[in-house]
Amino acid sequence: IFRSMESGPTSTAGGCEKRGAVLVADDSASIRTRLALLVGRMPGVSTVVQAASDQEVMEALGRIRPFVALIDVHLDDHGGGALLERIKQQFPATVLVAMTRYSGPQLAANYRACGADYCFDKTSELELLLQTIGRLSPLDEKNEPHKENP
């Protein structure tokens, strides 16, 4: 597991241990590194942790409790469904984003049924994926909690 842009732990609502923490999990080191760099530069993201296997995913989730986890559904060639279900059961406060190289409404529906909150084709919907993470971040551009509107 590789960490970048690490800051100290803070408590947050919703069971997240670190504000602005994101987990990026993909078995391809080049994709994982590229996503981690792009996500790590985003306002509101203070920590990016990378994982290359389902075991590393579960260990990282238990340790940092990120606000969002980006999971390649074909991590370790398991097809993703079982891992998505396990993550959602054990870490329900984490927003779960399924990433795939294929798209389609039926595929997205299958991954949502397994617990994914969002599903993106990582080859053609990268910009939409990054925009979604930006909207979900509990931190603003200064890495401070978003202020609630009265």
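Structure's up top.
This write-up is about the structure you can find in this document. Here the structure is a predicted model, which means the values were calculated and not measured. (Residues numbered from 1 in each chain as written. Predicted model: local features only at pLDDT ≥ 70, side-chain atom pairs only at ≥ 80, totals over all residues. Heavy atoms only, no water.)

## Focus on the nonpolar core
In terms of nonpolar packing, the biggest core is built from 25 residues, with Leu23, Val57, Leu61, Ile71, Leu84 and Ile87 touching the most fellow members. For this core, the secondary-structure elements that each account for two or more residues are strand S2 (21-25), strand S3 (47-51), helix H2 (54-64), strand S4 (68-72), helix H3 (81-90), strand S5 (95-100) and helix H4 (105-113). If one sorts the elements of this core by residue count, H2 sits on top with 5 residues. The contact partners of Ile87, leaving out residues within four places of it in the chain, are Val57, Met58, Leu61, Ile71, Pro92 and Leu96. (Core = buried A, V, L, I, M, F, W, Y, C linked by side-chain atoms within 4.5 Å. Buried < 20%, exposed > 50% of the residue type's maximum accessible area, 1.4 Å probe, protein only. Helix = DSSP H or I, 4+ residues; strand = E, 2+ residues; numbered from the N terminus. Contact = heavy atoms within 4.5 Å.)

## Quick notes on the side chain of Thr132
Along the polypeptide, Thr132 turns up in helix H5 (residues 126-136). Residue class for Thr132 comes out buried when judged on its relative accessible area of 3%.

## Some words on unusual backbone geometry
Within the chain, Arg65 stands out as a residue other than glycine whose phi angle is a positive 45 degrees. Along the polypeptide, Arg65 turns up in the loop between H2 and S4. Relative accessible area serves as the criterion here: at 34%, Arg65 is assigned to the partly exposed category.

## Considering the pattern of salt bridges
According to the stated counting rule, one finds 3 salt bridges in the structure shown. Here Asp26 ties to Lys122 by a salt bridge, and the two come within 2.5 Å at their closest N and O atoms. In this pair, Asp26 is assigned in the loop between S2 and helix H1 (29-40) and Lys122 in the loop between strand S6 (118-121) and H5, connecting sequence segments 96 residues apart. Each member of the pair Asp26 and Lys122 is classed as buried. A relative accessible area of 13% places Lys122 in the buried class. Salt bridges sharing partners connect three or more residues here, namely Asp26, Asp72 and Lys122. (Salt bridge = Lys/Arg side-chain N within 4 Å of Asp/Glu carboxyl O.)

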